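Residues per chain, in single letters:
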Amino acid sequence: MDNIVCFRTHHLNPPWSLQSYLKVGGYSAWKRILVDKVPRQTILASIKASALRGRGGAGFPTGVKWGFIKAELPGQKYVVCNSDEGEPGTFKDREILLMNPHQVIEGMCIAAYVMSATVGYNYIRGEFWEPYQRFEAALEEAKKEGLLGNNIFGSGFDFHLHTHLGAGAYICGEETALIESLEGKKGFPRYKPPFPATYGLYGKPTTVNNTETFACVPVILEKGAEWFLKLGVPGNGGTKIFSISGHVNKPGNYEAPLGISFQELLKKAGGVRQGHALKAVIPGGSSVPVLPAEVASTLNMDYESLAKAGSLLGAGSIIVMDETTCMVKVLARIAHFYTQESCGQCTPCREGAGWLWRIVHRITQGQGSLKDIELLEDVANKIMGRTICALGDAAAMPVLSFIQHFREEFVYYVQHGKSVVYSQRTSRSRKFLDYSGEVGGFISFG
Amino acid sequence: MGFVISQSEQEEIDRWLLKYPPHQKQSAVLPALKIVQEKNGGWLATEHLDAVADYLSLPKIAVYEVASFYSLFDLKPVGKHKIYVCTNVSCMLAGSETIVGYLERRLGIKMGETTQDGCFTLKEAECLAACGGAPAMQIDNTYYENLTPEKIESILAGLNG
Ligand SMILES: Cc1cc2nc3c(=O)[nH]c(=O)nc-3n(C[C@H](O)[C@H](O)[C@H](O)COP(=O)(O)O)c2cc1C
Ligand code: FES
């Protein structure tokens, strides 16, 4: 019943075919726009009124972003879909590409029309071989059907849509790094301004949106901005695909209205595993601040509620941790990720992320000191806001929030050289201890 | 004579080139490297990089710096199959340590190494966007989810070396 936007073909067999997509009303908005020559401004007004916000992490209003492109100016413009999906805990774009690729195509077509772009690219992460092939097959179907190409439905509008494949780099999810990568370069984020809307791919005006963002667009134009807006809560239109992973009974993607309570979502995912108690939640992917159970339990899952609670909705990627989780070790893994993935271009991020990882790592090795905890906060604060792109903040925010909410666990680890969690000898955590002893405590990275 | 990109590889690269403006051949560098890597033993030696640079009319350095930046390119010999095991948070919470430990024992190698018979290279992956099926891994172009030691056994058996 909740699968009404991005997952609306899920009940069909197979969900990804053109036939299935047409059955749910797919491409009807696209055809109507071209045949009736719907003015760009009308579409733009709808997108704005729907309160669709970017699903890639920042939640920026999509209509406003599209409005930055001066469609009436001559010259090449581009629309680019960000299917680089690399934020730990996020796995929705992969499912959208696999299950409903045509809706992404239609969304990109409409975006191209609004911004008068005749060429588009879907940048798909290199690991996504299967989704890439699925999307390619959908492109072929759409071309055969005359939904893409030159002079579509005799409208005089041309749109050529291509795939591009990444090759393994989280940073290429950052939109300007993605553009660099699409140009065949290292994924080094650009300084902003200028923003892609004025200087994007090949120096031309470009809009980059997330896969899920594009997939929302056709439904808004079919059913109306009002309908979409009312699915969610004010300022947060629509349903969202929530990726739920970690210690839940039924991990997976769940389409649910923005503003749904965390409790209700958790129920959809089968609750915390085998009757364990909730300890902490990362509500928007590994880059956003962690929240303790008390705070998470009372949350509503929309952009403002999460910001008020001291975190972010991010990409809607919920990582659930129960009481057997050692927060120090989780932070060590997260810090390792950002060290690995920092592109190395700017010093605070390249050096700072490495510092953060080395300090947390040494705590997990029983070699930390109490001063290290302050040092972590100090280094993190010195990265925040001082980097070319937001990867620096993404490395710093977990550190600050883990220490803020679970400081006593860090102190215990430093003082005892082991985790407070594995020291609580309930039968279950006992098993955990034995096991972690066997492999040497924790995988040693690097 | 150094390495020459084969006719079929050239045709594949040419199909990618059609996607980009004619003066933006550089855009095809990632796909070209992937194609050449897959057809030539899974890794890229300097002669492969030079051939790609030559084919796309790029300075060699433009290809070198790309090849060394992206994690899916290997610049040293690798096994016939590359196993990328995700150890990021959601997989870790689902027991990726067990999976890594099992694979290391089963293959008799550590992370980052290649088996003596040249069949497998074991690598640590960052989040594969398969966290709902954690623990997850990728072998070559295929994803495997909800891993257990038994499942790994049947996957490896299916690859027959
Ligand atoms: C380090 C980093 C990684 C990112 N990764 C992704 C990603 O994988 N997918 C994505 O859509 N956006 C990602 N973003 C956000 C993009 O820069 C951009 O804001 C987004 O694609 C815009 O689309 P939207 O407005 O539809 O959300 C990332 C940002 C940063 C700083
Ligand atoms: S954490 Fe392993 S796939 Fe996401």
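Residues numbered from 1 in each chain as written. Chains lettered and ligands numbered in written order. Predicted model: local features only at pLDDT ≥ 70, side-chain atom pairs only at ≥ 80, totals over all residues. Heavy atoms only, no water.

Overview of the overall build of chain A
- In terms of helices and strands, chain A carries 19 helices and nine strands.
- In terms of C-alpha radius of gyration, chain A reaches 23 Å, essentially the compact-globule figure of 22 Å for 446 residues.
- Referenced to the eigenvectors of the C-alpha coordinate spread, the extents of chain A come out at roughly 75 × 45 × 35 Å.
- Residue burial in chain A is summarised as follows: out of 446 residues, 61% are buried.
- The contacts of chain A with a sequence gap of at least 6 include a subset with a gap of at least 24, amounting to 70%.
- In chain A, which carries 46 positive and 41 negative side-chain charges, the distance between the mean positions of the two groups comes to 1 Å. (Helix = DSSP H or I, 4+ residues; strand = E, 2+ residues; numbered from the N terminus. Rg over C-alpha atoms; globule rule 2.2 N^0.38 Å. Buried < 20%, exposed > 50% of the residue type's maximum accessible area, 1.4 Å probe, protein only. Contact = heavy atoms within 4.5 Å. Lys, Arg positive; Asp, Glu negative; His and termini not counted. Charge placed at Lys NZ, Arg CZ, Asp CG, Glu CD.)

Some thoughts on the overall build of chain B
- In terms of helices and strands, chain B carries seven helices and four strands.
- Going from N to C terminus, chain B has its helices and strands arranged as α-α-α-α-β-α-α-β-β-β-α.
- Projected onto its principal axes, the C-alpha positions of chain B cover 50 × 35 × 25 Å.
- Within chain B, buried positions represent 57% of all 161 residues.
- By element, 53% of the accessible surface of chain B is carried by carbon and sulfur atoms, the whole surface being about 6900 Å².
- In chain B, which carries 14 positive and 20 negative side-chain charges, the distance between the mean positions of the two groups comes to 2 Å. (Areas by Shrake-Rupley, 256 points an atom, 1.4 Å probe, with all protein chains shown as cover.)

Notes on the sheet that holds strand β3 (residues 137-139) of chain B
All names here are of chain B.
- Pairing is mixed in the open sheet, where four strands are placed in the order β2-β1-β3-β4. Looking at the sheet topology across the chains shown, the edges are occupied by β2 (120-125) and β4 (142-144). Along the sheet, successive strands turn relative to each other by an average axial angle of 25 degrees, direction set aside.
- Against the sheet, helix α6 (residues 96-107) engages β1 (81-86), β2 and β3, with an angle of about 155 degrees to β1. (Pairing = 2+ DSSP bridges. Axes fitted to C-alpha atoms, helices over the stretch in contact; angles between N-to-C directions.)

Focus: helix α2 (residues 29-39) of chain B
Residue and element names in this part refer to chain B.
- For α2, the buried fraction is high: nine of the 11 residues fall into the buried class.
- All of the buried residues in α2 are Val29, Leu30, Pro31, Ala32, Leu33, Lys34, Ile35, Val36 and Gln37.
- Following α2 by one or two positions, Gly41 adopts a phi angle in the positive range, close to 85 degrees.

Description of the site of ligand 1
Residues and elements named next belong to chain A.
- For ligand 1, the set of nearby residues contains 18 residues, the closest of which are Gly56, Asn82, Asn209, Asn210 and Thr213.
- Here Glu175 contributes a backbone N or O atom positioned 3.0 Å from an oxygen atom of ligand 1.
- Thr213 places a side-chain nitrogen or oxygen 2.7 Å from an oxygen atom of ligand 1.
- Here ligand 1 loses 88% of its free accessible area of 620 Å² to cover by the protein chains.
- Under a 2 Å grid-point criterion requiring more than half of the atoms, the pocket assigned to ligand 1 is the largest pocket.
- With three residues, strand β4 (residues 206-210) is the largest single contributor of residues to the shell around ligand 1.
- Grouping the constituent residues of the shell around ligand 1 by class yields four nonpolar, eight polar and six charged. (Near = heavy atom within 4 Å. Polar contact = N/O pair within 3.5 Å; in protein donor to acceptor, adjacent residues only side chain to side chain. 1 Å grid on protein atoms, 1.4 Å probe; cavity = no way out; pocket = protein on both sides within 12 Å on 5 of 7 lines; lining within 4 Å. Sits in = over half its atoms within 2 Å of the grid points. Nonpolar A, V, L, I, M, F, W, Y, C, P; charged D, E, K, R; others polar.)

Concerning the pairing of strand β7 (residues 278-282) of chain A
All names here are of chain A.
- Among the five residues that make up β7, five are buried, leaving the element largely enclosed by the rest of the structure.
- Pairing of β7 with strand β9 (residues 317-322) involves four bridges; the strand directions are antiparallel. Among the inter-strand pairings, Ala280 is bridged to a residue of β9, identified as Met321.
- In this structure, β7 lies alongside strand β8 (residues 291-292), joined through two bridges in antiparallel fashion. Residue Ala280 lies in a different strand from β8, and its bridge partner there is Pro292.

A closer look at the packing of aromatic side chains
- Per the counting criterion, the structure on display carries 17 aromatic pairs over all chains.
- Ring centres of Trp30 of chain A and Phe157 of chain A lie 6.1 Å apart, and the angle between their planes is 80 degrees; this geometry places the pair in the edge-to-face category. Highlighted residues: Trp30 of chain A in helix α2 (residues 28-35) and Phe157 of chain A in the loop between α7 (129-144) and β3 (160-165), separated in sequence by 127 residues. Note on accessibility: Trp30 of chain A and Phe157 of chain A belong to one class, buried.
- Through pairs of rings, three or more aromatic residues link up here, namely Tyr78, Tyr121 and Tyr202 of chain A together with Tyr20 of chain B.
- Geometry around Trp16 of chain A places Arg134 of chain A over its ring, the cationic atom sitting 3.6 Å from the centre.
- Against the face of Trp16 of chain B rests Lys19 of chain B, its NZ or CZ located 3.6 Å from the ring centre. (Phe/Tyr/Trp six-rings, centres within 6.5 Å; stacked < 30°, edge-to-face > 60°. Lys NZ or Arg CZ within 6 Å of the ring centre and 35° of its normal.)

Considerations on the pattern of salt bridges
- This model, assessed by the stated rule, comprises 31 salt bridges over all chains.
- For Glu136 of chain A, the salt bridge identified is with Lys19 of chain B, shortest N-O distance 3.6 Å. On the criterion of chain membership, the pair formed by Glu136 of chain A in helix α7 and Lys19 of chain B in the loop between α1 (7-17) and α2 is interchain, its members lying in two chains.
- Assessed through its relative accessible area of 21%, Glu136 of chain A is described here as partly exposed.
- Note on Lys19 of chain B: relative accessible area 13%, which makes it buried.
- Here Glu140 of chain A makes a salt bridge to Lys143 of chain A, at a shortest N to O gap of 3.4 Å. A residue pair is termed a helical-turn pair when its members lie 3 or 4 positions apart in one helix, as Glu140 of chain A and Lys143 of chain A do in helix α7 at three residues. (Salt bridge = Lys/Arg side-chain N within 4 Å of Asp/Glu carboxyl O.)

Quick notes on the sheet that holds β8 of chain A
- The strand order across the open sheet built from five strands is β6-β5-β9-β7-β8 (chain A), with neighbouring strands paired in mixed fashion. Looking at strand neighbours, the two that pair on one side only are β6 (252-257) and β8 of chain A, the edges of this open sheet.

Considering the domain arrangement of chain B
- Domain parsing of chain B yields domain 1 (7-69) and domain 2 (81-157).
- Between domain 1 of chain B and domain 2 of chain B, the C-alpha centre-to-centre distance is 29 Å. (Domains from an automatic or database assignment.)

Side note on empty space enclosed by the protein
Residues and elements named next belong to chain A.
- Within the structure shown, the criterion is met by one cavity of 30 Å³ or more.
- Approximately 70 Å³ is the volume found for the largest cavity.
- Ile171, Pro189, Ser342, Cys343, Gly344, Gln345, Cys346, Cys349, Ile388, Cys389 and Leu391 together form the lining of the largest cavity. (Points joined across faces, edges and corners; volume = space filled by probe spheres on them.)

Considerations on the side chain of Thr324 of chain A
Residues and elements named next belong to chain A.
- For Thr324, the position within the fold is in the loop between β9 and α14 (327-341).
- Given the relative accessible area of 7%, Thr324 is considered buried.
- For Thr324, the side chain forms a polar contact with the side chain of Asp322, separated by 2.6 Å.

Some words on helix α15 (residues 347-364) of chain A
Residues and elements named next belong to chain A.
- Taking 1.5 Å of rise per residue, 18 residues should cover 26 Å, and α15 covers 26 Å from first to last C-alpha, within 8% of that figure.
- Among the residues of α15, Cys349, Gly352, Ala353, Gly354, Leu356, Trp357, Ile359, Val360, His361, Ile363 and Thr364 are the ones counted as buried.
- Directly beyond the C-terminal end of α15, a positive phi value near 75 degrees is found at Gly366. (Expected span 1.5 Å × (residues − 1).)

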